[in-house]
Amino acid sequence: MNYNIEIIRSKRRTLGLEIKPDGRVIARAPYLMKQSEIEKFIASKNDWIEKHLQKLKASQEEQGAVEKLTSEEIQALAGKALEYIPQRVEHYAALIGVDYGRITIRNQKTKWGSCSSKGNLNFNCLLMLTPPEVIDSVVVHELCHRKEMNHSQKFYSEVFRVYPEYKKWNKWLKDNGNAIMARMLV
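Report on the accompanying structure. (Residues numbered from 1 in each chain as written. Predicted model: local features only at pLDDT ≥ 70, side-chain atom pairs only at ≥ 80, totals over all residues. Heavy atoms only, no water.)

## Observations regarding the packing of aromatic side chains
Per the counting criterion, the structure on display carries five aromatic pairs. The interplanar angle of 85 degrees and the centroid separation of 6.1 Å between the aromatic rings of tyrosine 92 and tyrosine 163 together place this pair among those described as edge-to-face. Remark: tyrosine 163 occurs in the loop between helix H5 (153–162) and helix H6 (166–181) and tyrosine 92 occurs in helix H3 (residues 71–96); sequence separation between them is 71 residues. Of the two residues, tyrosine 92 and tyrosine 163, neither departs from the other in class, the shared state being buried. Taken together, the ring pairs in this structure connect Phe155, Tyr156, Phe160 and Tyr166 into an aromatic cluster. (Phe/Tyr/Trp six-rings, centres within 6.5 Å; stacked < 30°, edge-to-face > 60°. Helix = DSSP H or I, 4+ residues; strand = E, 2+ residues; numbered from the N terminus. Buried < 20%, exposed > 50% of the residue type's maximum accessible area, 1.4 Å probe, protein only.)

## So, the nonpolar core
Counting 36 residues, the largest nonpolar core has Ile85, Phe123, Leu126 and Leu143 as its most contacted members. Elements with a minimum of two residues in this core: H3, strand E4 (103–106), strand E6 (121–124), helix H4 (132–144), H5 and H6. Looking at this core, the element that brings in the most residues is H3, giving eight residues. Leu17, Ala27, Phe41 and Leu53 belong to the second largest nonpolar core, which has eleven residues in total. (Core = buried A, V, L, I, M, F, W, Y, C linked by side-chain atoms within 4.5 Å.)

## Thoughts on the sheet that holds strand E3 (residues 25–30)
Strand order in the open sheet made by the three strands is E1-E3-E2, with mixed pairing throughout. Since the sheet does not close on itself, it has two edges, and those belong to strand E1 (5–10) and strand E2 (16–19), each with one partner. In this sheet, adjacent strand axes meet at a mean angle of 25 degrees when their direction is disregarded. In this structure, E2 lies alongside E3, joined through four bridges in antiparallel fashion. Paired with isoleucine 19 across the strands is valine 25, a residue of E3. Strands E1, E2 and E3 of the sheet are contacted by helix H1 (residues 35–44), whose axis makes an angle of about 130 degrees with E1. (Pairing = 2+ DSSP bridges. Axes fitted to C-alpha atoms, helices over the stretch in contact; angles between N-to-C directions. Contact = heavy atoms within 4.5 Å.)

## Some details on the sheet that holds E4
Pairing within the open sheet is mixed, and its three strands lie in the order E4-E6-E5. Two strands lie at the open edges of the sheet, namely E4 and strand E5 (113–115), each paired on one side alone. Taking each pair of neighbouring strands and ignoring which way they run, the sheet shows an average axis angle of 15 degrees. In terms of strand pairing, E4 meets E6 through four bridges, oriented parallel. When the sheet's bridge partners are listed, threonine 104 is paired in E6 with asparagine 122.

## Some words on the pattern of salt bridges
Under the definition given, this model contains nine salt bridges. A salt bridge links glutamate 158 to lysine 147; the nearest nitrogen and oxygen atoms lie 3.3 Å apart. Here glutamate 158, found in helix H5, pairs with lysine 147, found in the loop between H4 and H5; they are eleven residues apart in sequence, far enough to count as distant. A relative accessible area of 13% places glutamate 158 in the buried class. The partner of lysine 154 in a salt bridge is glutamate 148, and the shortest N-O contact between them spans 3.5 Å. With a relative accessible area of 17%, glutamate 148 lands in the buried category. In the salt-bridge network here, residues are joined through shared partners; they are Glu18, Lys20 and Arg28. (Salt bridge = Lys/Arg side-chain N within 4 Å of Asp/Glu carboxyl O.)

Laid out in structure tokens, this is it:
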């Protein structure tokens with residue numbers, strides 16, 4: 001095991017593992033779970049962690065040769081996103097039956113979208129480099145947080161109710177997202 005694991009405790013019921021684009025391994029655990037239980041879980045997932053870290057490393061090496069976007073190109077993407085994404089938000093908010101606050105377009109290096117507790121939505125301008133179905137999947141995901149501010153079964157039931165192809169396009173983003181993010185200027 002040649003990686004460090006950051007353990008984040010929160011008000012959740014289950015254990016989860018996450019590998020960030022920068023290679024950090026994060027274990028998320030309930031507040032009251034014993035440290036020994038967390039360590040046992042992590043040990044049982046060692047092969048999974050190694051496999052995904054190797055995949056990430058290969059992906060990053062492949063992306064080393066990726067052509068970076070210029071500031072002007074990023075600005076143009078942000079402009080397109082500002083025209084396109086609010087329409088998609090309005091469309092899906094009506095289907096989900098939620099309201100929302102401000103919509104902000106950003107050029108982020110790790111997130112595709114987010115939803116604050118006040119209902120403000122942030123979207124990455126790089127979404128404009130993905131198929132429209134991917135944009136819709138991110139919009140639906142963030143809007144469903146207006147009903148459930150978590151990633152519970154109830155949350156995903158709502159996502160799939162509104163966007164049955166979510167799994168397909170979320171997988172597309174997982175498979176291709178790092179290469180797109182790699183085009184962002186450092």
